[in-house]
Amino acid sequence: MSGVVGKLLWSVRHRGASGTVRAAAHWVRRTITREAVSRPHPFDVEHGTDTGGLIAGGDLASGHTSDRHIEGYAAVPPSRFRGILARWQAGGPAHALADYCFVDLGCGKGRALLLASQLGFREVIGVELNPSLAQIARANVTLWAAAGKARAPMRVEQKDALELEWPVGPCVVFLFNPFDAQLMRQIAESMAAAFRNRPSDLEVLYYKPNHADALPDSFRMAWCETIEIDAQELAADPVAGRDDETRAYQLNG
């Protein structure tokens with residue numbers, strides 16, 4: 001206890017009262033984050049998968065030129081993902097859900113792919129640059145399919161998102177803040193070019209849209225909402241907040 005008191009007195013002398021409060025709050029946030037990351041996520045406990053954790057972008061270097069644009073890895077909270085997809089469907093997509101291919105750019109370990117496979121899409125595709133994450137995602141996909149939990153075929157492509165050959169037919173693209181502003185603009189321009197002659201075939205769901213300003217004028221925002229998250233998942237998630245936004249975009253015709 002005396003050691004704690006000593007540190008507190010030192011902090012007050014050197015940082016002042018307000019600085020000590022800020023330092024204490026920062027320490028608490030770091031401690032909570034470390035503990036949340038070290039514990040298995042409830043989703044993984046339930047399903048035997050490996051989708052949790054928090055990895056900084058700098059720790060995901062693969063030697064590719066796009067490494068510097070990666071924002072990092074964390075998986076979408078399941079309850080929020082289901083809410084995002086329910087909100088999208090309620091908005092009346094241009095096509096039947098079974099006609100859409102679900103594409104997760106920067107899919108990480110693949111949690112969004114597993115959840116999307118339960119909804120009845122035509123196909124579910126994950127694109128991940130980092131080889132280790134892509135390998136984990138494929139293992140999760142294999143486990144999920146073997147357990148009979150998938151209602152759609154799934155695959156993971158280990159490549160730069162700019163190199164993706166877009167499927168024929170309607171696509172809904174999911175983004176969980178995967179790239180910085182520079183790469184987000186390039187990705188958006190690539191999508192706009194690929195779907196220029198069939199704009200109604202593209203829908204974009206951007207969760208935690210930190211770089212939404214990077215999207216060119218060819219995209220219009222259909223809605224922006226804060227989707228509810230389960231309290232247990234909020235407590236277990238290293239980055240999720242109650243007020244995190246999701247934005248839905250469509251391509252201008």
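Further up the page is the structure itself.
Anyway, here's the lowdown on the structure attached to this text. (Residues numbered from 1 in each chain as written. Predicted model: local features only at pLDDT ≥ 70, side-chain atom pairs only at ≥ 80, totals over all residues. Heavy atoms only, no water.)

1. Here's the deal with helix 3 (residues 78-90)
Working step 1: Taking 1.5 Å per residue as the helical rise, helix 3 with its 13 residues ought to reach 18 Å, and the 18 Å between its terminal C-alpha atoms agrees with that figure.
Working step 2: Those residues of helix 3 that sit buried are Pro78, Arg80, Phe81, Ile84, Leu85 and Trp88. Buried residues along helix 3 cover an arc of 170° about the axis, so they all sit on one side.
Working step 3: Looking one or two residues past helix 3, glycine 92 carries a phi angle of roughly 75°, positive in sign. (Helix = DSSP H or I, 4+ residues; strand = E, 2+ residues; numbered from the N terminus. Expected span 1.5 Å × (residues − 1). Buried < 20%, exposed > 50% of the residue type's maximum accessible area, 1.4 Å probe, protein only. Arc of directions from axis to C-beta.)

2. Considering the packing of aromatic side chains
Working step 1: As enumerated under the stated definition, the model contains nine aromatic pairs in all.
Working step 2: With 5.8 Å between their ring centres and 80° between their planes, phenylalanine 81 and phenylalanine 102 make a pair best called edge-to-face. In this pair, phenylalanine 81 sits in helix 3 while phenylalanine 102 sits in strand 3 (residues 101-105), placing the two residues 21 residues apart along the sequence.
Working step 3: Owing to a relative accessible area of 0%, phenylalanine 81 belongs among the buried residues under this scheme.
Working step 4: The exposure class assigned to phenylalanine 102 is buried, which follows from its relative accessible area of 0%. (Phe/Tyr/Trp six-rings, centres within 6.5 Å; stacked < 30°, edge-to-face > 60°.)

3. Describing the nonpolar core
Across soluble globular proteins, nonpolar side chains show a tendency to be buried alongside one another.
Working step 1: Counting residues in each nonpolar core, the largest one holds 36 residues, and the members touching the most others are Phe81, Trp88, Phe102, Phe121, Val124, Phe174 and Leu205.
Working step 2: Elements that contribute at least two residues to this core include exactly helix 3, helix 4 (111-116), helix 5 (131-146), strand 5 (154-158), strand 6 (171-176) and strand 7 (202-207).
Working step 3: The leading source of residues in this core is helix 4, at five residues.
Working step 4: Not counting residues within four places of it along the chain, the set of residues in contact with phenylalanine 81 comprises Val76, Phe102, Ala112, Leu115, Ala116 and Phe174. (Core = buried A, V, L, I, M, F, W, Y, C linked by side-chain atoms within 4.5 Å. Contact = heavy atoms within 4.5 Å.)

4. Looking at the pairing of strand 7
Looking along a regular strand, one sees the side chains alternate between the two faces of the sheet.
Working step 1: By the criterion of burial, strand 7 is predominantly enclosed, with six of the six residues buried.
Working step 2: Here strand 7 shows no split at all, with Leu202, Val204 and Tyr206 on one side and Glu203, Leu205 and Tyr207 on the other all buried.
Working step 3: Where the polypeptide runs from strand 6 across helix 6 (residues 181-194) and back to strand 7, its parallel neighbour, the crossover connection is right-handed.
Working step 4: Two strands pair when backbone bridges link them, and strand 7 and strand 9 (residues 245-251) are joined in this way by five bridges, in the antiparallel orientation. Its bridge partner lying in strand 9, tyrosine 207 is registered against threonine 246. (Right-handed = clockwise from strand over helix to strand, strands pointing away. Pairing = 2+ DSSP bridges.)

5. Concerning unusual backbone geometry
Working step 1: For asparagine 177, which is not glycine, the phi torsion reads 40° and is therefore positive.
Working step 2: Topologically, asparagine 177 is positioned in the loop between strand 6 and helix 6.
Working step 3: What makes asparagine 177 buried here is its relative accessible area of 12%.
Working step 4: Positive phi, close to 55°, is recorded for lysine 208, a residue that is not glycine.

6. Observations concerning the layout of surface pockets
Working step 1: Of the volumes computed, that of the largest pocket is approximately 470 Å³.
Working step 2: In this structure, the largest pocket is lined by 35 residues; those nearest its centre are Gly72, Tyr73, Phe176, Asn177 and Pro178.
Working step 3: Looking at the lining of the largest pocket, the elements that each hand over two or more residues are strand 2 (72-73), strand 3, helix 4, strand 4 (123-128) and strand 6.
Working step 4: Broken down by class, the residue content of the lining of the largest pocket amounts to 21 nonpolar, six polar and eight charged. (1 Å grid on protein atoms, 1.4 Å probe; cavity = no way out; pocket = protein on both sides within 12 Å on 5 of 7 lines; lining within 4 Å. Points joined across faces, edges and corners; volume = space filled by probe spheres on them. Nonpolar A, V, L, I, M, F, W, Y, C, P; charged D, E, K, R; others polar.)

Everything listed here is a matter of geometry and, on its own, says nothing about what the molecule does.
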